[in-house]
Amino acid sequence: MPSLELEIQSALEEIHAKHKDNQSGKVADYIPELAKADPNAFGICVVTRDGQVFEVGDTEQQFTIQSVSKPFVYGMALQDTGRDVVQQKVDVEPTGHAFNSIIKLDEKSHRPHNPMVNAGAIATTSLLTGEGPTGKLNRLMDFFGRFVGRRLYADMSVFMSERVSGHRNRATAYLMLNFGMIDNRVEEILDLYFQQCSLLVTAKDLAVMGATLANRGVNPITRERAIEARYVQDLLSVMYTCGLYDYAGEWGYRVGMPAKSGVGGGMLAVVPQRLGIGVFSPPLDERGNSVRAIRVCQDLSTRFGLHMFDAWLNDFKVAPTVESESFPTAEMDAVKAAKQEHS
Ligand code: GLU
């Protein structure tokens, strides 16, 4: 392996070893089936824009995608109906509130604040087109299949478990029906939403999906286009501002990349033009984000200079940067040294 590749692989191994014994956090149990997840399962995968795969740990273990599905369904709704229709039903404002916050519909417009909280995600799902419930589900599975490069299947136990226990989501959906944000197919819309959340993926799948977004919508392994290039920016923007719920601000500040977490323990992060990261580790912090996944992404960001606004400092370039032309070397060295100290 050439040296950069070796460096990425050994960084993943080090980071995995560093966090694997961290026992903080709690596996989600508000959907009863999710409580069965193994708290020790832990996998990290990085897929580059040119299709190289680096992985360590439980990267082939399946788990339900949960909220990591939300930006993708948002993209599908944009493709199906266009920006204007989607904008009428869901805004793009961060809430600073929890993922399942029920009261957070905009006071004037009654729109959900963004497609990453449950209300916005349910509204987005309601916009998908297709022949009846089965046609819509098939289209949704095909759509995800192109991102991943294989057909995905739903975990029926998790789906049923959420269907019978998802009272809060049901209440949210009825509230949106009241305000005309969704139509009256409430149970059908919820079923499709619960099905999208129960799709089974692996950490490696998430990394490939992230790399597809990093590669402007073309899966770097199958070379198939998964989404129209013009909508990639929409997905990445809402992931950056709203992807980690009430931790989104701090995440943007510390880690600095568009990302989405799910209560199944998955985390997907994107470094546009460069790579996708997929992490799986079920124990969650009090905000519903995977404890180990947050730390992994933070370490990767620092180690390889992946923060969006720190890009000119990184050693992991895909294109020439300003460094050589306009950044005096001595100044550059000083900034690098300060950064080292900081990390
Ligand atoms: N299906 C979950 C719910 O609607 C997704 C939540 C999440 O992953 O944050 O409650």
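Residues numbered from 1 in each chain as written. Predicted model: local features only at pLDDT ≥ 70, side-chain atom pairs only at ≥ 80, totals over all residues. Heavy atoms only, no water.

Here we come to the nonpolar core. Grouped together as the largest cluster of nonpolar side chains are 43 residues, with contacts concentrated most on Phe-72, Phe-144, Met-209 and Leu-213. Secondary-structure elements contributing two or more residues to this core are α2 (70–81), α5 (132–148), α9 (203–214), α10 (229–242) and β6 (266–271). Among the nonpolar cores identified, the runner-up in size contains 28 residues, and Ala-11, Val-46, Met-267 and Ile-277 belong to it. (Core = buried A, V, L, I, M, F, W, Y, C linked by side-chain atoms within 4.5 Å. Buried < 20%, exposed > 50% of the residue type's maximum accessible area, 1.4 Å probe, protein only. Helix = DSSP H or I, 4+ residues; strand = E, 2+ residues; numbered from the N terminus.)

We now examine the sheet that holds β6. In spatial order, the strands read β2-β1-β7-β6-β5; together these five strands make up an open sheet with antiparallel pairing. Both edges of this open sheet fall to β2 (53–57) and β5 (259–261), since each of them pairs with a single strand only. Averaged over all neighbouring strand pairs, the angle between strand axes comes to 10°, with direction disregarded. For strand β1 (residues 43–48) and β2, the ladder comprises five bridges, and the chain directions are antiparallel. Across the sheet, the residue bridging to Val-47 is Val-53, located in β2. (Pairing = 2+ DSSP bridges. Axes fitted to C-alpha atoms, helices over the stretch in contact; angles between N-to-C directions.)

Quick look at helix α12 (residues 291–304) now. With 14 residues, α12 should cover 20 Å at 1.5 Å per step; its first-to-last C-alpha distance of 20 Å lies within 8% of that length. Of all 14 residues in α12, 10 are buried, a share of seventy percent or more. If you check which residues of α12 are buried, you get Val-291, Arg-292, Ala-293, Ile-294, Val-296, Cys-297, Asp-299, Leu-300, Ser-301 and Phe-304. Those residues of α12 that are buried lie in contact with α1 (3–19), β1, α11 (248–254), β6 and β7 (275–280). Capping the start of α12 is the job of one residue whose side-chain oxygen sits 3.2 Å from the backbone nitrogen of Ala-293: Ser-290. Just downstream of α12 lies Gly-305, where phi reads positive at about 60°. (Expected span 1.5 Å × (residues − 1). Contact = heavy atoms within 4.5 Å. Polar contact = N/O pair within 3.5 Å; in protein donor to acceptor, adjacent residues only side chain to side chain.)

To continue, consider the pairing of β7. With six of six residues buried, β7 is to be regarded as a mostly interior element. The alternating pattern of β7 places Leu-275, Ile-277 and Val-279 on one face and Gly-276, Gly-278 and Phe-280 on the opposite face, and all of these are buried. In this sheet, β7 lies alongside β1 in antiparallel orientation, the contact comprising six bridges. Paired with Ile-44 across the strands is Val-279, a residue of β7. Direction of pairing for β6 relative to β7: antiparallel, over a ladder of six bridges.

With that out of the way, let us pick up the packing of aromatic side chains. Throughout the structure, instances matching the rule amount to seven aromatic pairs. Relative to Phe-194, the ring of Tyr-193 has its centre 5.8 Å away and its plane inclined at 55°; by these criteria the two rings are tilted. Its relative accessible area of 0% is what places Phe-194 among the buried residues. Ring geometry for Tyr-240 versus Phe-309: centroids 6.2 Å apart, planes at 90°, classification edge-to-face. Placement of the pair is Tyr-240 in helix α10 and Phe-309 in the loop between α12 and α13 (322–326), with a sequence separation of 69 residues. Joined through ring pairs, the aromatic side chains of Phe-72, Phe-143, Phe-144 and Phe-147 make up one cluster. Against the face of Phe-42 rests Arg-292, its NZ or CZ located 5.2 Å from the ring centre. (Phe/Tyr/Trp six-rings, centres within 6.5 Å; stacked < 30°, edge-to-face > 60°. Lys NZ or Arg CZ within 6 Å of the ring centre and 35° of its normal.)

Our focus in this paragraph is the pairing of β1. Taken across its six residues, β1 has six buried, putting it largely inside the fold. Here β1 shows a buried face lined by Gly-43, Cys-45 and Val-47 and a second buried face lined by Ile-44, Val-46 and Thr-48. Linking β1 back to β2 in an antiparallel pair, the connection comprises four residues, with Gly-51 at a positive phi of about 90°.

Of all residues adjacent to the ligand, which total 12 residues, the nearest are Tyr-30, Gln-66, Ser-67, Tyr-193 and Tyr-245. Within the side chain of Glu-162, one N or O atom sits 2.8 Å away from a nitrogen atom of the ligand. Against a free-state accessible area of 300 Å², the protein chains account for coverage of 99% of the ligand. Of the residues in the shell around the ligand, the class split is six nonpolar, five polar and one charged. (Near = heavy atom within 4 Å. Areas by Shrake-Rupley, 256 points an atom, 1.4 Å probe, with all protein chains shown as cover. Nonpolar A, V, L, I, M, F, W, Y, C, P; charged D, E, K, R; others polar.)

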